[in-house]
Amino acid sequence: MIELPIYSAEAHFSIGIDVGKAEFACDLSVCKGACCTMPGGRGAPILQSEIPEVERAFPIVKKYLPEKVLRTIEEEGIWKNEIDGTFSISTVGRKECIFVHWEGDIALCSIQTAFRNNEITGFEKPISCHLFPIRIYPDVKDNSYYILYEEIDECEGGRVRGKAERIPLLEFLKHPLARALGKERTEMLLESLKQQ
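Residues numbered from 1 in each chain as written. Predicted model: local features only at pLDDT ≥ 70, side-chain atom pairs only at ≥ 80, totals over all residues. Heavy atoms only, no water.

(A) Representation of the overall build of the chain within the structure. Helix and strand counts for the chain come out as 9 helices and 10 strands. Since a compact globule built from 196 residues should have a radius of gyration of about 16 Å, the 17 Å found for the chain is in line with a globular shape. For the chain, the proportion of its 196 residues judged to be buried stands at 47%. When the accessible area of the chain is evaluated, it comes to approximately 11,000 Å², of which 53% is carbon and sulfur surface. For the chain, the centre of its 24 positive side-chain charges and the centre of its 31 negative side-chain charges are spaced 2 Å apart. (Helix = DSSP H or I, 4+ residues; strand = E, 2+ residues; numbered from the N terminus. Rg over C-alpha atoms; globule rule 2.2 N^0.38 Å. Buried < 20%, exposed > 50% of the residue type's maximum accessible area, 1.4 Å probe, protein only. Areas by Shrake-Rupley, 256 points an atom, 1.4 Å probe, with all protein chains shown as cover. Lys, Arg positive; Asp, Glu negative; His and termini not counted. Charge placed at Lys NZ, Arg CZ, Asp CG, Glu CD.)

Dropping the structure here:
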């Protein structure tokens with residue numbers, strides 16, 4: 001079981017200036033879950049500590065996954081160790097995440113679906129997925145990280161909704177931020193950005 005917060009109290013974070021200024025709220029009716037199905041070869045990044053969690057989740061979420069996904073998992077596994085030493089979730093055809101299941105034309109995370117159905121406890125989904133379009137990048141030299149906002153074309157619907165409803169990106173992602181940083185550090189972050 002992953003202990004929360006995921007990042008230690010000693011970790012130091014630098015934050016991109018646009019993180020506190022952006023307005024954003026996912027709009028699945030527009031993007032159709034595009035962040036789970038983006039082409040490019042590499043799947044969603046996962047932390048080493050999350051590997052046992054995705055392995056524990058697989059037998060539970062297997063029932064949600066199409067046959068072609070189960071074949072891919074049999075051939076390639078659930079996760080990969082990348083050349084740079086990081087880890088990622090496997091993909092189907094260098095595109096959609098192996099944990100994707102579909103409701104009509106919308107891609108959903110089977111781990112999150114199982115969590116919401118009380119079939120899984122303690123692990124809602126990989127933190128990189130839960131935080132997107134915020135990314136946390138490590139500095140290879142020390143225990144510090146960069147928190148950045150990735151503005152991609154596929155998330156245009158989220159930007160439009162965020163502006164229309166005046167939802168700050170950090171408020172929208174408050175729950176996953178608390179998972180990653182802890183509630184106290186998240187509140188401090190939100191407060192400091194309000195004062196800028």
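(B) Region of interest: the sheet that holds strand β4 (residues 87-89). Strand order in the open sheet formed by 3 strands is β2-β4-β3, with antiparallel pairing between adjacent strands. At either margin of the open sheet sits one strand with a lone partner, and together these are β2 (45-46) and β3 (79-81). Summarising the sheet, β2 and β4 pair through 2 bridges and their orientation is antiparallel. Bridge pairing in β4 links Pro 45 to Ser 88. (Pairing = 2+ DSSP bridges.)

(C) Representation of unusual backbone geometry. Residue Pro 133 follows Phe 132 across a cis peptide bond; omega there is 15°. Looking at where Pro 133 falls in the secondary structure, it is placed in the loop between α5 (127-131) and β9 (134-138). Its identity is not glycine, yet Arg 166 carries a phi of approximately 55°, on the positive side. Considering the arrangement of structural elements, one finds Arg 166 in the loop between α6 (156-165) and α7 (169-172). Assessed through its relative accessible area of 64%, Arg 166 is described here as exposed.

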